[in-house]
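Below, each chain spelled out in residue letters.
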Amino acid sequence: MEVVSKATQFTHRVAAHCKGRNFTYGDLLKHSSWVSQKLLGSRSDLNNERVVFITPQSYEYLPCQWGIWRAGGVAVPLCTQHPPPEWEYIIQNSEASAVVCHSSYYSSLQPLCKGVKLIPLEDFVPGEGSAQEVFVTSDLERPALMIYTSGTTGKPKGVVSTHRNLSSQVKALVEVWKWQEDDHILEVLPLHHVHGIMCVLACANFAGARVTFNSKFDQARVWEEFMEKDLNMFMAVPTIYNRLIDEWNNFGEDMQKKAYQACERFRLMVSGSMALPEPMLDKWHRVSGHTLLERYGMTECGMILSNPYKGKRKPGCVGFPLPEVEVKLDQGELCVKGPNVFKRYFNNPKATEEAFDQEGWFKTGDIAEVDSEGYFKLLGRASVDIIKTGGYKVSALDIEQTLLSHPSISEVNVVGVPDEDWGQVIGVVLKSNQTIKLEDLQEWSKQRLAVYKVPRKLIQLQEIPRNQMGKVNKKELVKLF
Ligand code: MCA
Ligand code: AMP
């Protein structure tokens, strides 16, 4: 990835602030070199082997990611909040040759890494490794990153993005959002998805800017950081802005004023990953003086559409195509072409073929329209089986499959129920002869599913509504909540 070679131009600049310490780009080069040497041993290139990695939302993430790239591997990030069965699925499905983990995850991962090398890393000490020794591939067509994403069919798929894909995604954002080396962004997003990985980390790194890691999102801590640090950029999902608004509402008048003044230092605040409700846009404007810049993206493409940095940010709209990104509407479905678009789903030629049309356009599954000024507006998804909750995309079918392994469940339907805070929450419909309580189902699910896939609502029905073809009418089910 170009971010690694670019860093040699500004080794003295601070790349990250974390747990009270500053790490320069020079430190990051040294630490990532150390990781790549651990991975390579006596070899000179991992030749596109997948390396799964997990660290807390902290500085250590970066040397792991860069170290994998510098060794010629494909970085596969894990979610810190997933229970072991979800980790195990990714380790196996990606056919990983190694797992790099912060030592705090070592004992949980050890039983899952049968036959896969597990490399624990402590917190990093400046001075280890070397800034130059390890190679970075110049072949931009090689795979660089694999993120797992949910689709309409079954288990999550590995989205393979090349170095060229990532470079083009980053360069477009650096250009339109005017990233500069003096920027300082607070990182609060999970680092196994594009929003945190590309929009926050990779863009900051490409520009030689600074990232302050805040570990897992916490609204009180974010406000403290806003008030204490010289931050000027922030990116988050609407659920996070909602939490920050709630926290602000509990402040006294003085604190509210201080919070507003802190926000005045920012040059950009961005919202994405799910629809930003207009009342929230207005509330955030009152709280901070900022009109959030809403943009639209997808794991398979990085960012696709963005409201302008300068110029009108239209409420309810996601703006215009990014540089080099082509879009078209095919019977309402937004389709994308460009150097940003991923290459394939890992080991899944059928899904890959189905994802593109005959002319090579990637079909997003999102329905959109364009207004008279050229602004795109999203109208929803083509499939009811894709749910967005707290910014996470989840597949109803994936959850159904897991719930069917519960001893008391023989038939189940999962739907996304509209929710002001989360966008949608997971709703489960069971037949009334299946005896199970929501709390018990949640307890059982937490052992097997990520926290955001755990059912939040349950209804039981005598009869499940079906259409004339006998297919369950999920739109009807949603209304019943
Ligand atoms: C957690 N809880 C939930 C959910 N998640 N309840 C309903 N629905 C959910 N989705 C519950 C927990 O069970 C717990 O309940 C309580 O909320 C707090 O849980 P916790 O794990 O602490 O959650 P949180 O930290 O409050 O999480 C909220 C969050 C997080 C920070 C908004 O969901 C988040 O980081 N979302 C961002 C995801 C993201 O980055 N997506 C980008 C995908 P109890 O207290 O009862 O135990 S990339 C993408 O979409 C594209 C490319 C794009 O355009 O960006
Ligand atoms: P993911 O596959 O997790 O990357 O999620 C991508 C999906 O998030 C898109 O296909 C959209 O459905 C949704 N999405 C991202 N940004 C927005 C936005 N600004 N408004 C509405 N939906 C969005």
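In case you missed it, the structure is sitting above this.
This structure is a prediction, so every number in the text was calculated from the model and none was measured.

Engineer: Tell me what's going on with the packing of helix α2 (residues 25-40) against helix α3 (residues 61-70), and back it up with residues and numbers.
Structural biologist: Two elements in contact, α2 and α3, have axes separated by 7 Å at closest approach and are oriented at 55°. It follows from the interaxial angle that α2 and α3 lie oblique. Pair α2 / α3 crosses with right-handed handedness. Every residue of α3 that contacts α2 at Y25, L28, L29, H31, S32, S33, V35, S36 and L39 is listed here: L62, P63, C64, W66, G67, I68 and R70. The class makeup of the residues in the contact of α2 with α3 is 10 nonpolar, 5 polar and 1 charged.

Engineer: Requested: an account of helix α13 (residues 396-403), with residues and values cited.
Structural biologist: For α13, a buried count of 6 out of 8 residues is recorded, marking the element as mostly surrounded by other parts of the structure. Looking only at α13, the buried set comprises A396, D398, I399, E400, T402 and L403. Looking at the buried positions of α13, the neighbouring elements they touch are β21 (386-389), β22 (392-395), β23 (412-419), β24 (423-431), α14 (438-446) and α15 (474-480). The distance from a side-chain oxygen at the start of α13 to the backbone nitrogen of L397 is 3.2 Å, and the residue carrying that oxygen is S395.

Engineer: How would you sum up the packing of aromatic side chains? Please name residues and give values.
Structural biologist: This model, assessed by the stated rule, comprises 18 aromatic pairs. Centre to centre, the rings of F10 and Y25 are 4.9 Å apart; their planes meet at 75°, and the pair counts as edge-to-face. Taken together, the residues span a long stretch of sequence, with F10 in the loop between α1 (2-7) and β1 (14-18) and Y25 in helix α2 at a distance of 15 residues. Across the pair, Y25 and F10 agree in class, each one buried. A centroid spacing of 4.8 Å and a plane angle of 55° characterise the contact between F342 and Y345, whose relative ring orientation is tilted.

Engineer: Before we move on, can you summarise the site of ligand 1 with the specific residues and values?
Structural biologist: In the neighbourhood of ligand 1, 28 residues make up the surrounding shell, with K216, R243, S273, R295 and K388 lying closest. Within the side chain of K216, a nitrogen or oxygen atom sits 2.5 Å from an oxygen atom of ligand 1. Coverage of ligand 1 by the protein amounts to 79% of the 1100 Å² it exposes when considered alone. For the shell around ligand 1, the per-class residue count stands at 13 nonpolar, 10 polar and 5 charged.

How each quantity is defined
- Residues numbered from 1 in each chain as written.
- Chains lettered and ligands numbered in written order.
- Predicted model: local features only at pLDDT ≥ 70, side-chain atom pairs only at ≥ 80, totals over all residues.
- Heavy atoms only, no water.
- Axes fitted to C-alpha atoms, helices over the stretch in contact; angles between N-to-C directions.
- Helix = DSSP H or I, 4+ residues; strand = E, 2+ residues; numbered from the N terminus.
- Parallel < 35°, antiparallel > 145°, perpendicular 65-115°, else oblique.
- Left-handed = near helix turned anticlockwise from the far one by under 90°.
- Contact = heavy atoms within 4.5 Å.
- Nonpolar A, V, L, I, M, F, W, Y, C, P; charged D, E, K, R; others polar.
- Buried < 20%, exposed > 50% of the residue type's maximum accessible area, 1.4 Å probe, protein only.
- Polar contact = N/O pair within 3.5 Å; in protein donor to acceptor, adjacent residues only side chain to side chain.
- Phe/Tyr/Trp six-rings, centres within 6.5 Å; stacked < 30°, edge-to-face > 60°.
- Near = heavy atom within 4 Å.
- Areas by Shrake-Rupley, 256 points an atom, 1.4 Å probe, with all protein chains shown as cover.

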